[in-house]
Amino acid sequence: TPTERCGVSVSLPPGWQAEGTETLHTVPTCTFGLLPLGYAEFSARSEVERDPYPVTVVLSHAGVEQAASSGGFVTREGKWYVTGRAGSETEASRMEGKGWYGIFGTPSIGMHFKAGAYAGLGDTRRVLVVGPDSRCAVLDVSVVEYQEAFGRILASFRFLDAPDSK
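Below: a short report on this structure. Please read these numbers as outputs of a predicted model, since none were measured by experiment.

**Overview of the overall build of the protein**
Logical step 1: Secondary structure summary: the protein contains four helices and 14 strands in total.
Logical step 2: For the protein, the C-alpha radius of gyration of 16 Å lies close to 15 Å, the compact-globule estimate for 166 residues.
Logical step 3: Reported as C-alpha extents along the three principal axes, the dimensions of the protein are approximately 45 × 40 × 30 Å.
Logical step 4: Taking all 166 residues of the protein together, 44% fall into the buried category.
Logical step 5: Contacts in the protein between residues far apart in sequence, at least 24 positions, make up 54% of those at least 6 positions apart.
Logical step 6: With an accessible surface of roughly 8900 Å², the protein has 52% of that area assigned to carbon and sulfur atoms.
Logical step 7: Charged side chains of the protein number 15 positive and 19 negative; the gap between the two group centres comes to 3 Å.

Structure, rendered in structure tokens:
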């Protein structure tokens, strides 16, 4: 499965599937998207452009600094922030998982109508997950309707073969 190939485990809600995706990142990564049942229809009915996957996962062994930078996270004076559209920043907070810790934030992203016009800002949820051996992941949910499922997916996230991952 794409999740095992990337060295992680997640419990998907009923009807969801993981699909491997191509990466646009310059550092070696492993990426996959999470797709709920009916997403194609949801996306077709939407007035705004939608990402191909409402939840994406980008994994890297490049270390925390590189993963944070690639994922839009910055730290200043001991505080974490997540960046959004036009350089906007919102404060992020720390969270804990099994065998990892995370930095969780809510950046604002630009949205566009399918016809091309600017539709305004929308919020997304983004988490930088830091595990053992410089393994990191950035999980992102870009569709507000799937934020509850994102929370359940995140709660189940594990690095395979990591201490305390069972």
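We are not done yet, so read on.
**Looking at the side chain of Ser 156**
Logical step 1: In this structure, Ser 156 sits in helix H4 (residues 147-156).
Logical step 2: At a separation of 2.8 Å, a polar atom in the side chain of Ser 156 contacts the main-chain amide nitrogen of Ser 11.
Logical step 3: At 2.8 Å, the side chain of Ser 156 and the backbone oxygen of Ile 153 are in polar contact.
Logical step 4: In contact with Ser 156, other than residues within four places in its own chain, are Ser 9, Val 10 and Ser 11.

**Looking at the pattern of salt bridges**
Logical step 1: Scanning the entire structure with this criterion turns up four salt bridges.
Logical step 2: For Arg 76, the salt bridge is made with Glu 89, and the minimal N-O distance between the two is 2.5 Å. Placement of Arg 76 in strand E5 (residues 73-76) and of Glu 89 in strand E7 (residues 89-91) is noted, with a sequence separation of 13 residues between them.
Logical step 3: Overall, the relative accessible area of 40% leaves Arg 76 in the partly exposed class.
Logical step 4: A salt bridge links Asp 140 to Arg 126; the shortest N-O distance between them is 3.0 Å. Of this pair, Asp 140 sits in strand E13 (residues 136-141) while Arg 126 sits in strand E12 (residues 125-130), placing them 14 residues apart in sequence. The same class applies to Asp 140 and to Arg 126, which are both buried.

**What to know about the state of the cysteines**
Logical step 1: Counted under the stated rule, the structure contains one disulfide.
Logical step 2: Bridging Cys 6 to Cys 30, the disulfide has an S-S length of 1.9 Å. Between Cys 6 and Cys 30, the S-S dihedral sits near -80°, and the bridge is therefore left-handed. With Cys 6 in the loop between helix H1 (2-5) and strand E1 (8-9) and Cys 30 in strand E3 (residues 29-35), this pair connects stretches of sequence that are 24 residues apart.
Logical step 3: Of all cysteine sulfurs in the structure, the one in Cys 6 sits closest to Cys 136, which takes part in no disulfide; the separation is 14 Å.

Here is what the cut-offs are and how they apply
Residues numbered from 1 in each chain as written. Predicted model: local features only at pLDDT ≥ 70, side-chain atom pairs only at ≥ 80, totals over all residues. Heavy atoms only, no water. Helix = DSSP H or I, 4+ residues; strand = E, 2+ residues; numbered from the N terminus. Rg over C-alpha atoms; globule rule 2.2 N^0.38 Å. Buried < 20%, exposed > 50% of the residue type's maximum accessible area, 1.4 Å probe, protein only. Contact = heavy atoms within 4.5 Å. Areas by Shrake-Rupley, 256 points an atom, 1.4 Å probe, with all protein chains shown as cover. Lys, Arg positive; Asp, Glu negative; His and termini not counted. Charge placed at Lys NZ, Arg CZ, Asp CG, Glu CD. Polar contact = N/O pair within 3.5 Å; in protein donor to acceptor, adjacent residues only side chain to side chain. Salt bridge = Lys/Arg side-chain N within 4 Å of Asp/Glu carboxyl O. Disulfide = S-S within 2.5 Å.

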